[in-house]
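# Coordinates in review
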Amino acid sequence: SSLIIVAGMPLWLVLAVALLIDNPGPVFYRQARIGKAGRPFNMLKFRSMVVDADQLRSGLEDHNEAEGPLFKLRKDPRITRVGGSMRRYSLDEFPQLLNVLLGDMSLVGPRPPLPCETDQYEAQHWRRLEVPPGMTGLWQVSGRSNLSFDEMVRLDLYYIENWSLSFDIVIMLRTIPAVMLGRGAY
């Protein structure tokens, strides 16, 4: 992750300037997430939404398009113009490489859930937290937001039960076209 951070610094700088021009405010967004064994941590992202997005979420709950504990909107009005482009190609997730360096995340693993999501977990869902969360994973390369919560859990558990270094490499290689094509990203 250190090498990717250093190589990506010029892109990080361009994204930071674009964010500031499009929607002034902090460049980075820290979000409480739940990691391995239920340990909370602050996940870093480039800010892709308006500054007060968290406060605006409650007014959008009735429009949620996701199943289970997830919250997703295809046309989320809180997403900025630059943020929408960043999300489509997962550029907003680059700062999570710092979470990998800190040991909160891995390059590959299940998506780290929000605390409000784990509040709704059933017993079998907690198995997703047996391993460190990842920047990418089997769920992300298999359809991302186009999949249901139950499909995400099923893929995460399959990953955990069948983990190997070669499986991680395959997922990282599958991440490239998934990101470049922007499939299931919103």
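The paragraphs below set out a description of the structure included in this document. (Residues numbered from 1 in each chain as written. Predicted model: local features only at pLDDT ≥ 70, side-chain atom pairs only at ≥ 80, totals over all residues. Heavy atoms only, no water.)

### Points about the side chain of Arg-57
- Mapped onto the secondary structure, Arg-57 falls in the loop between helix H2 (53-56) and helix H3 (81-88).
- Of note is the side chain of Arg-57, whose polar atom sits 2.8 Å from the side chain of Glu-61.
- Once you skip the residues sitting within four places of it in the chain, Arg-57 turns out to touch Phe-71, Arg-78, Leu-114 and Cys-116. (Helix = DSSP H or I, 4+ residues; strand = E, 2+ residues; numbered from the N terminus. Polar contact = N/O pair within 3.5 Å; in protein donor to acceptor, adjacent residues only side chain to side chain. Contact = heavy atoms within 4.5 Å.)

### Structural notes on the environment of Arg-127
- Looking at the element boundaries, Arg-127 is found in the loop between helix H5 (115-118) and strand S4 (134-136).
- Since its relative accessible area comes to 28%, Arg-127 is described here as partly exposed.
- C-alpha separation for the pair Arg-127 and Ala-37, spaced 90 residues apart in sequence, amounts to 8.9 Å.
- Ignoring any residue separated from it by four or fewer positions in sequence, one finds Arg-127 in contact with Leu-157, Ile-160 and Glu-161. (Buried < 20%, exposed > 50% of the residue type's maximum accessible area, 1.4 Å probe, protein only.)

### Description of helix H7 (residues 149-161)
- Helix length check: H7, at 13 residues, gives a terminal C-alpha distance of 18 Å against a target of 18 Å (1.5 Å per residue), a fit within 8%.
- Among all positions of H7, only Phe-149, Met-152, Val-153, Leu-155, Asp-156, Leu-157, Tyr-159 and Ile-160 are buried.
- The inward-facing, buried residues of H7 contact strand S3 (106-108), helix H6 (138-141) and helix H8 (165-181). (Expected span 1.5 Å × (residues − 1).)

### Some remarks on the environment of Gln-96
- Tracing the chain through its elements places Gln-96 in helix H4 (residues 96-102).
- A C-alpha to C-alpha distance of 23 Å links Gln-96 and Arg-74, two positions 22 residues apart in sequence.
- Beyond its immediate sequence surroundings of up to four residues, Gln-96 is in contact with Met-43, Leu-44, Lys-45, Met-105 and Met-135.

### Some thoughts on a negative patch on the surface
- Together, Glu-67, Glu-122, Asp-150 and Glu-151 line one region of the surface with negative charge.
- Among the secondary structure elements, Glu-67 is positioned in the loop between H2 and H3. (Patch = residues over 30% accessible without salt bridge, like charges linked within 9 Å, V, L, I, M, F, W, Y side chains within 5 Å. Areas by Shrake-Rupley, 256 points an atom, 1.4 Å probe, with all protein chains shown as cover. Salt bridge = Lys/Arg side-chain N within 4 Å of Asp/Glu carboxyl O. Lys, Arg positive; Asp, Glu negative; His and termini not counted. Charge placed at Lys NZ, Arg CZ, Asp CG, Glu CD.)

### So, the pairing of strand S1 (residues 28-34)
- As defined by bridge partners, S1 adjoins strand S2 (residues 40-46) across 7 bridges and the pair is classed as antiparallel. Looking across to S2, one finds that Arg-30 is bridged to Leu-44.
- Hairpin remark: S1 followed by S2, antiparallel, with 5 residues in the connecting loop; positive phi at Ala-37, about 60°. (Pairing = 2+ DSSP bridges.)

### Observations concerning helix H1 (residues 2-22)
- Under the 1.5 Å per step criterion, the end-to-end length of H1 is 28 Å for 21 residues, consistent within 8% with the ideal 30 Å.
- Approximately 55° is the largest bend angle found in H1, and it occurs at Met-9, with the proline Pro-10 only one to four residues beyond.
- Among the structural elements, S1, S2, H3 and H4 are those in contact with the buried residues of H1. (Bend = angle between axes of the 7 residues up to and from the residue.)

### Brief notes about a nonpolar patch on the surface
- On the surface, Trp-163, Leu-165, Ile-169, Met-172, Leu-173, Ile-176 and Met-180 cluster together into a nonpolar patch covering about 750 Å² of accessible area.
- Its place among the elements puts Met-172 in helix H8.

### Comments concerning the pattern of salt bridges
- In total, this model carries 10 salt bridges according to the counting rule given.
- The shortest N-O distance in the salt bridge between Asp-22 and Arg-81 comes to 2.9 Å. Of this pair, Asp-22 sits in helix H1 while Arg-81 sits in helix H3, and the two are 59 residues apart along the sequence.
- By relative accessible area, Asp-22 is classed as buried at 19%.
- Judged by relative accessible area, Arg-81 falls into the exposed class, the value being 67%.
- For Glu-130, the salt bridge goes to Arg-127, with nearest N and O atoms at 3.2 Å.
- Through salt bridges with shared partners, a single ionic network connects Arg-127, Glu-130 and Glu-161.

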